[in-house]
Amino acid sequence: MINFNGNCFSSFNAVPEELLRTINSLPIHTHHLIAFKGKITLIEAHYFSIMAALRRFRVEIPMNFTLNFFQEQTDLLNNYNSIVTDVQKLSLKFYRKKEPNQNQAVTPICFLMQIDEFLWSSGLLDLTLYKDHYIFTDDFSNLFQTNASLRKLGEVFAYENGFAAALLLNNEKRLVESTHGTVFLIEHDNIKTPALSEGAVKSVMRNAFISFLKKERNIEVVESEIQVFSIQQAQEMFLISSANGFVSISQFRKKKFETQKSEKLSEQFQDYLKNQL
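Cut-offs used in this document
What you see as residue numbers is a count from 1 along each chain, following the sequence as written. pLDDT decides what is reported in this predicted model: residues at 70 or higher carry local features, side-chain atom pairs at 80 or more are listed and counted, and totals for whole chains, interfaces and linings draw on all residues regardless. Excluding hydrogens and water, the side-chain values take into account all heavy atoms of the structure. Cysteine sulfur atoms that come within 2.5 Å of each other are treated as a disulfide pair. Exposure categories follow from relative accessible area, calculated using a 1.4 Å probe and restricted to protein chains: below 20% of the type maximum is buried, above 50% is exposed, and the middle band is partly exposed. Each reported salt bridge corresponds to a side-chain nitrogen of Lys or Arg within 4 Å of a carboxyl oxygen of Asp or Glu. Numbering of helices and strands starts at the N terminus; helices are DSSP runs of H or I of at least 4 residues and strands are runs of E of at least 2. Helix axes are fitted to C-alpha atoms over the stretch in contact, other axes to C-alpha atoms as well, and angles between N-to-C directions run from 0 to 180 degrees. For classification purposes, an angle smaller than 35 degrees is called roughly parallel, one larger than 145 roughly antiparallel, one from 65 to 115 roughly perpendicular, and anything else oblique. Residue contacts are counted whenever heavy atoms from the two residues lie within 4.5 Å of one another. When residues are sorted by character, Ala, Val, Leu, Ile, Met, Phe, Trp, Tyr, Cys and Pro go into the nonpolar class, Asp, Glu, Lys and Arg into the charged class, and all the rest, Gly among them, into the polar class. Each pair of aromatic rings taken from Phe, Tyr and Trp, with Trp reduced to its six-membered ring, is defined by centres within 6.5 Å and is described as stacked if the planes are under 30 degrees apart, edge-to-face if over 60, and tilted in the remaining cases. Criterion for a charge above a ring: Lys NZ or Arg CZ within 6 Å of the ring centre, and within 35 degrees of the ring normal. Criterion used throughout: strands pair if DSSP finds at least two bridges between them. Here the expected length of a helix is defined as 1.5 Å per residue gap, with one fewer gap than residues. To be clear, the arc concerns the directions from the helix axis to the C-beta atoms.

Colleague: Give me the state of the cysteines: which residues, what numbers.
Modeller: Disulfides are covalent bonds that connect the sulfur atoms of two cysteines. For the structure shown, the criterion picks out 0 disulfides. Just so you know, Cys8 is unpaired, no disulfide at all, and the nearest cysteine sulfur is the one on Cys110, 15 Å from it. For Cys8, a relative accessible area of 16% gives the class buried.

Given below as structure tokens:
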């Protein structure tokens, strides 16, 4: 089921050809959200994140893109589908309706929404390291769409080599993120994650989890430069994103990780998200 600019369709085959022509290029922005029983969690943070990204991509933002708009579009699609599962992943993609030109540099956009059933915790994964290409250490890398193709290449590399996900490096050869979300390392009494200045994606889920750790669990979070070799010093490792949920890591290279603390944090953070509707 898809919601194409406010119109619901059972599949892409049912979408009129004139609408399909608008998505014959890559989306300018992709955004993932999580809904519990049809209600989007952290909706205000997601809304401001979407608006900020669209403004940076220099497009004409429709006036009806209000705070409640995306919840209304989610309700519309769920009503069309007539089935609302306990946890859903919402994928939002934004496209230019036409290419910019000298006469109209800032062009209008349309959106595509898809809803899928979602597992918050997908079990243990083994990681590899993707080193063919690097993420640049600048604030443009903080946008999800900037390195989407590189992230997909890393994912394919991992699958081809028998792994479930891959870590990604920046142009300084330091850890920046993974193919499946923000990287977190548990080291004794604190939790480390790559700083935004390293090129990490500034996602709503990353910000919400760091806030949850500091305010709800009183855990020190260190946002810093992380060398690949220092991963071996961590007791536990996990990944978080709205697209893939909470992913615990069992092994990276010869290092085998524990999972007791991260599994507990996964449950606590999911409960926290359910209270942010």
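Having seen it, we continue.
Colleague: Quick rundown of the pattern of salt bridges? Include the residues and the values.
Modeller: Following the criterion strictly, the structure yields 7 salt bridges and no others. A salt bridge links Arg56 to Asp139, with the shortest nitrogen-to-oxygen separation between them at 3.8 Å. One end of the pair, Arg56, is in helix α2 (residues 43-56); the other, Asp139, is in the loop between β7 (121-135) and α4 (148-160), and 83 residues separate them in sequence. Using a relative accessible area of 40% as the deciding quantity, one classes Arg56 as partly exposed. The partner of Glu155 in a salt bridge is Lys152, and the shortest N-O contact between them spans 3.2 Å. Note that Glu155 and Lys152 are positioned in helix α4 at a spacing of 3 residues, about one turn of the helix. Overall, the relative accessible area of 47% leaves Lys152 in the partly exposed class.

Colleague: Describe the packing of helix α5 (residues 204-215) against helix α6 (residues 260-274), listing the residues and the values that go with them.
Modeller: Relative orientation of the contacting elements α5 and α6 amounts to 105 degrees, with a least axis distance of 11 Å. Classed by the angle they form, the pair α5 and α6 counts as roughly perpendicular. In this structure, α5 contributes Met205, Ala208, Phe209, Phe212 and Leu213 to the contact, and α6 contributes Leu265, Gln268, Phe269, Tyr272 and Leu273. Residue composition of the contact of α5 with α6, grouped by class: 9 nonpolar, 1 polar and no charged.

Colleague: Run through the packing of aromatic side chains, naming residues and quoting values.
Modeller: Applying the stated criterion across every chain yields a total of 22 aromatic pairs. Seen in terms of ring centroids, Phe238 and Phe246 are 4.7 Å apart; in terms of plane orientation they differ by 15 degrees. Their pairing is stacked. Comparing Phe238 with Phe246 shows no difference in burial state: the two are buried. Each member of the aromatic cluster is reached from another via a ring pair, and the members are Trp120, Phe184, Phe209, Phe212, Phe238, Phe246, Phe269 and Tyr272. It is Arg151 that lies over the ring of Phe144; its NZ or CZ is 4.4 Å from the centre.

Colleague: I'd like to hear about the pairing of strand β10 (residues 182-187), residue by residue, with values.
Modeller: Of all 6 residues making up β10, 6 are buried, and the element is well covered by its neighbours. Bridge count for β10 against strand β13 (residues 236-241) is 5 bridges, and the pairing is antiparallel. Looking at the pairing, Thr182 lines up with Ile240 of β13. By the bridge criterion, 3 bridges tie β10 to strand β11 (residues 190-194) in an arrangement that is antiparallel. Looking across to β11, one finds that Glu187 is bridged to Asn190. Between the antiparallel neighbours β10 and β11 lie 2 residues, among them His188 with a positive phi of about 55 degrees.

Colleague: Can you lay out α4 for me, pointing to particular residues and giving the numbers?
Modeller: Relative to the 18 Å expected for 13 residues at 1.5 Å per residue, α4 spans 18 Å between its end C-alpha atoms, a close match to the ideal helical length. What α4 keeps buried is the set Leu150, Arg151, Gly154, Glu155 and Ala158. Viewed end-on, α4 has its buried residues packed into an arc of 145 degrees, placing them on one side of the element. Where α4 is buried, its residues contact β7, β8 (165-170) and β9 (175-178).

Colleague: Lay out the pairing of β9 in plain terms, naming residues and giving numbers.
Modeller: Here β8 pairs with β9 via 3 bridges, running antiparallel. Across the sheet, residue Leu169 finds its bridge partner in β9, namely Leu175.

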